[in-house]
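Architecture at a glance
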Amino acid sequence: MNGKYFYFAIAALLGVLTSLFPFLPFLLLTVMYLILLYKYKRYRSHQLLFVIGMFILFFLTCEHTLANNKSKLSDSTSTFHLRFTENTKVDGDLLQVTALDTLNKEKLLIRYKIKSEEEKKELKNTNFYGRLCQVTGQLKNPPVAKNHNAFNYRKYLSNKQVYKIVELSNHPLSQCSLIKSSPLTMIKELRFNGIVYLEKNFPPEIAALSAALIFGDRSMFDPEILMNYQKTGIVHLLAISGLHVSLLIGMVFYLGIRIGLTRQFMMNFLLVILPIYAILTGASPSVIRSVLVIFLVLFILRWKKQLKLSPIDAISLTLMIYVFFTPLIILDAGFQLSFSVSFAIILSSSSILPRYQQTISAMVVTSIIAQLAALPILLYHFFEISFISIAANLLYIPLFSFVFLPGLYLLFFIQIIFKDAPSILINLFMKIINLANSLIEQLADLSFAQLITGRPNWLNFIVYILLVLIIFLIWEAGLQQRRKQTIIILTIILVTFQTVWNWANPFGEVTMIDVGQGDSILIHYPFGMGTYLIDTGGSVQFEEEEWKKSAKPYEVGRDVVVPFLKGKGIKKLDKLILTHGDSDHIGGTMAILTEIEIKQIIMPSVAEPSQAELTIIQEANKKGIQVVMVSEGIQWKNEKSLFYVLSPEKNYQGERNSGSIAFTANIGGLKWFFGGDLDQEGEERILKKYPTLNIDVLKAGHHGSKTSSSDIFIKSITPIISWISVGERNRYGHPHNEVLERLAKTTIYRTDLHGAITYKFYGESGTFSSFLHNIKQ
């Protein structure tokens, strides 16, 4: 069976994919796969039957998992008996921890709002393991994604078999009894104590990196540093992976042999220690893959010496074992990246890599292989690629492998044994870490090195995979001059394909992004004819004590609008229209200025701009972005569209909402009215000057507040469609019932009920749709 497990692994994956996604396409793909095995691999009937059996086994396993992948708890349940199964996470004044409800045998995410700074310190250092606690709280569903390409927290938790969140009102450990810890729990306790020990005994920079490399925990990292590692394509170095596991196991094996232990003893020792190590380091997909591969190889060497297990067989068996027990892990980005890169490097090791004998060239080629294999997955999950990643990997892989990994382990054990690590070592590592972080920050700021492509659709995703496979096949056949040219052409196509696809898209769109209680609307024309963003949303910030602040507070611009734009492949805005100075309309602007290229910012011509507006103007001037103050009568054209500003008057003096930029636009065969938070007084001024104004689509003012969208205004402009951007269960009671009654004759689209609302158009016609697909008229 040597070398055949790879084909069984493909059949297993097809079985899971057929269960998870539309049945027929993957079933047809499986039939094609069987034909290829029969025709080109000369598989006999019994071998084909075995492949079919693998397909059916994994299909049924996934079907069983999906059938049970739901909560058994009633929403009215309020009392729970918890056994804690994961480390606690304390961020600001919020504690989160996963626990098992022992009565219902269901995992729950527990959330508790911390009452004081003293309580926070106590909880942060408290070991929750080994307790059975009775708690009361409110059962809630995790939030769903409400925008295209947004992170779906409910789906993420569901794939981890967590279906409900419990919001506690009282201290989580107020009613607990001690229980005997299982071996698994004891290992998790050791991990928790190790992370706490690092935080207490080392400077934050060393503690954060040590926790990541020793225990697989990145919670101590500064969010900005993590973002820089991600932008430069080396964030995988902060996750324990095959490289780390292999180096560590190699060091342990070598040290054991050097002190006189037999090879047989060391192999037995490693077989026992590997599962413990996997749990101790957080059991991420990359850790499980690495540990399982090494375990299988050692197991075969120890007990089945006559059986040879090739690297491709080892990784294939690992994949099948992993997916059999947790089929939904196939949806995890970490799992996909870990296995795709591993398979690519292993398959290349016998044909491509042997041609590059010099150390530097071998490292460059290995990095290129890894980047090629990861590319389709990176684009699907993160919408952008970094051209600097190969160079960054060449620089940082040796640093992590030969300096940080052994050095921080050494520092950790010195601290444990002698209770005091030498200050010279501490200072040395501090300087190296700070230097590495400063360099990675500079590399991450190289905007030319980032290519925003957007998320490929399924057809494009398949094209990417085929292009990567063709490049590997040509490379494997040998790089004669003609083949080199072919690879260069295919690589150019690979890098530019999605960008060209975005530009050639004949459809345009107007989308009201769900930014909660705020406004942000994208107008995107076909063929790159213009991209406008009206407002950026924003979070209302309240003054609070320092200990309550999250390490990375939720920010609408950074966390919602920027990912939305990048997911669409939008890297440049022709116009950023900021209707007025309220934070829920322009609070996300600074994040957009940082991440997206902007040609022009349009703001209202007002006598006294808000402080937020002045800050934006100052930042725009630094970046060389043109800022235009507009007032009534200003207009511009885009293809067949005319944009005409109706309000405010020049150098407007008065209430900020009333001075919002209000304008009309002809888009996709419809006439639109965008008015920010324009109030009834502002509406009356417009009606006096434009009494024959007629509108098809109205963006309701001020989130459906009764201070806007007056009865006279609605009856005069006679809209057919109404859009209301409003936060779910907002404390203002928006939209007001009076406004909904005034708009009753229109079709109402609301972001709180429907998520993002999109009008997709081709030429002069189009269709409306909502992200959540539950339009209520």
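Summarised in this report is the structure supplied together with it. Keep in mind that this is a model prediction, so the values were computed, not measured. (Residues numbered from 1 in each chain as written. Predicted model: local features only at pLDDT ≥ 70, side-chain atom pairs only at ≥ 80, totals over all residues. Heavy atoms only, no water.)

Two measures describe an aromatic ring pair: the distance that separates the ring centres and the angle between the ring planes. All chains considered together, the criterion is met by 51 aromatic pairs. Where Phe400 meets Phe404, the ring centres are 5.1 Å apart and the plane angle is 90°; that geometry is what we call edge-to-face. With Phe400 and Phe404 both in helix 15 (residues 389-418) and 4 residues apart, the pair spans about one turn of that helix. For the pair shown, Phe400 and Phe404 are each scored as buried. Members of the aromatic cluster, joined through ring pairs, are Tyr525, Tyr532, Trp636, Phe643, Phe663, Trp672, Phe674, Trp723, Tyr749, Tyr759, Phe761 and Phe768. In this structure, Lys760 is placed above the aromatic ring of Phe507, and the distance from its NZ or CZ to the ring centre is 5.2 Å. (Phe/Tyr/Trp six-rings, centres within 6.5 Å; stacked < 30°, edge-to-face > 60°. Helix = DSSP H or I, 4+ residues; strand = E, 2+ residues; numbered from the N terminus. Buried < 20%, exposed > 50% of the residue type's maximum accessible area, 1.4 Å probe, protein only. Lys NZ or Arg CZ within 6 Å of the ring centre and 35° of its normal.)

We now examine a negative patch on the surface. Taken together, the side chains of Glu117, Glu118, Glu543, Glu544 and Glu545 define an acidic patch exposed on the protein surface. Relative to the elements of secondary structure, Glu117 occurs in helix 4 (residues 117-124). Its relative accessible area of 35% is what places Glu117 among the partly exposed residues. (Patch = residues over 30% accessible without salt bridge, like charges linked within 9 Å, V, L, I, M, F, W, Y side chains within 5 Å. Areas by Shrake-Rupley, 256 points an atom, 1.4 Å probe, with all protein chains shown as cover. Salt bridge = Lys/Arg side-chain N within 4 Å of Asp/Glu carboxyl O. Lys, Arg positive; Asp, Glu negative; His and termini not counted. Charge placed at Lys NZ, Arg CZ, Asp CG, Glu CD.)

Space left empty within the atom packing is revealed by a probe, the size of a water molecule, rolled over the atoms. This structure, assessed with the given rule, holds 2 cavities of 30 Å³ or more. Its volume calculated, the largest cavity comes out at about 60 Å³. Glu632, Leu646, Ser647, Pro648, Glu649, Arg685, Ile686 and Lys689 are the residues that line the largest cavity. Those elements giving two or more residues to the lining of the largest cavity turn out to be strand 19 (641-647) and helix 23 (680-689). A per-element tally of the lining of the largest cavity places helix 23 first, with 3 residues. Reported here for the second largest cavity is a volume of approximately 30 Å³. Lining the second largest cavity, in full, are Phe673, Gly675, Leu678, Glu683, Leu698, Lys699, Ala700, Gly701 and Ser709. Of the residues that constitute the lining of the second largest cavity, the class distribution is 4 nonpolar, 3 polar and 2 charged. (1 Å grid on protein atoms, 1.4 Å probe; cavity = no way out; pocket = protein on both sides within 12 Å on 5 of 7 lines; lining within 4 Å. Points joined across faces, edges and corners; volume = space filled by probe spheres on them. Nonpolar A, V, L, I, M, F, W, Y, C, P; charged D, E, K, R; others polar.)

What follows deals with a nonpolar patch on the surface. On the surface, Ile462, Ile465, Leu466, Leu469 and Ile470 cluster together to form a nonpolar patch covering roughly 420 Å² of accessible area. Looking at the secondary structure, you find Ile462 in helix 17 (residues 458-477).

Next up on the list: the sheet that holds strand 12 (residues 531-534). Within a sheet, adjacent strands bond to each other through the backbone by hydrogen bonds, running parallel or antiparallel. As summarised here, the arrangement of the 8 strands in space is 17-16-14-12-11-10-25-26, forming an open sheet in which the pairing is mixed. The open sheet has two edge strands, strand 17 (626-630) and strand 26 (765-770), and neither has a second partner. This sheet shows a mean twist of 15° between the axes of neighbouring strands, independent of strand direction. Pairing geometry for strand 10 (residues 508-512) and strand 25 (residues 757-762), over 5 bridges, is antiparallel. For Val510, the partnering residue across the bridge sits in strand 25 and is Tyr759. (Pairing = 2+ DSSP bridges. Axes fitted to C-alpha atoms, helices over the stretch in contact; angles between N-to-C directions.)

Roughly 680 Å³ of internal volume is contained in the second largest pocket. Leu248, Val252, Tyr277, Tyr409 and Phe413 are, among the 24 residues lining the second largest pocket, the residues nearest its centre. Ranked by residues supplied to the lining of the second largest pocket, first place goes to helix 15 with 7 residues. When the residues that make up the lining of the second largest pocket are grouped by side-chain class, the tally is 21 nonpolar, 3 polar and no charged.

What follows deals with the sheet that holds strand 24 (residues 747-750). Spatially, 7 strands are ordered 18-19-20-21-22-23-24 in an open sheet, and the strand pairing comes out mixed. Lying at the two open borders of the sheet, with one neighbouring strand each, are strand 18 (635-638) and strand 24. Across the sheet, the axes of successive neighbouring strands diverge by a mean angle of 20°, strand direction being ignored. Here strand 21 (residues 670-674) runs beside strand 22 (residues 697-699); their pairing, made up of 2 bridges, is parallel. Across the sheet, residue Phe673 finds its bridge partner in strand 22, namely Leu698.

Here we take up the pairing of strand 20 (residues 662-667). Along any regular strand the residues' side chains alternate between the sheet's two faces. Among the 6 residues of strand 20, 5 are classified as buried, and the element is accordingly described as predominantly covered. Sheet analysis places strand 19 next to strand 20, joined by 4 bridges and oriented antiparallel. Paired with Phe643 across the strands is Ala665, a residue of strand 20. Connecting strand 20 to the antiparallel partner strand 21 that follows it, the hairpin turn spans 2 residues, and Gly668 within it adopts a positive phi of roughly 60°.

A few words on the nonpolar core. When a protein is soluble and globular, its nonpolar side chains tend to lie buried together. One finds Ile206, Leu209, Tyr396, Phe400 and Phe404 to be the most contacted residues of the largest nonpolar core, which totals 56 residues. Elements supplying a minimum of two residues to this core: helix 6 (183-201), helix 7 (204-215), helix 9 (242-258), helix 10 (263-280), helix 11 (285-303), helix 15 and helix 16 (423-444). Sort the elements by how many residues they give to this core and helix 15 lands first, with 11 residues. Discounting chain neighbours no more than four positions away, the residues touching Phe400 are Leu209, Leu213, Tyr229, Leu237, Leu238, Leu405 and Pro406. Among the nonpolar cores identified, the runner-up in size contains 34 residues, and Tyr33, Leu37, Leu296 and Ile312 belong to it. (Core = buried A, V, L, I, M, F, W, Y, C linked by side-chain atoms within 4.5 Å. Contact = heavy atoms within 4.5 Å.)

Working note: non-glycine residues mostly have negative phi, and peptide bonds are mostly trans. Cis geometry is adopted by the peptide bond preceding Pro648, which originates at Ser647 and carries an omega value of 5°. In this chain, His734 is followed by Pro735 through a cis amide linkage whose omega measures -5°. Position of Pro735 among the secondary structure elements: in the loop between strand 23 (721-724) and helix 25 (737-742). Even without being a glycine, Ala283 presents a positive backbone phi close to 50°.

Attention now goes to the state of the cysteines. Applying the stated criterion across every chain, the model contains 1 disulfide. Put simply, Cys133 and Cys176 are joined by a disulfide, and their sulfur atoms are 1.9 Å apart. For the disulfide bridge between Cys133 and Cys176, the dihedral angle about the S-S bond is near 110°, and by the sign convention the bridge is right-handed. Remark: Cys176 occurs in strand 7 (residues 176-178) and Cys133 occurs in strand 5 (residues 131-140); sequence separation between them is 43 residues. (Disulfide = S-S within 2.5 Å.)

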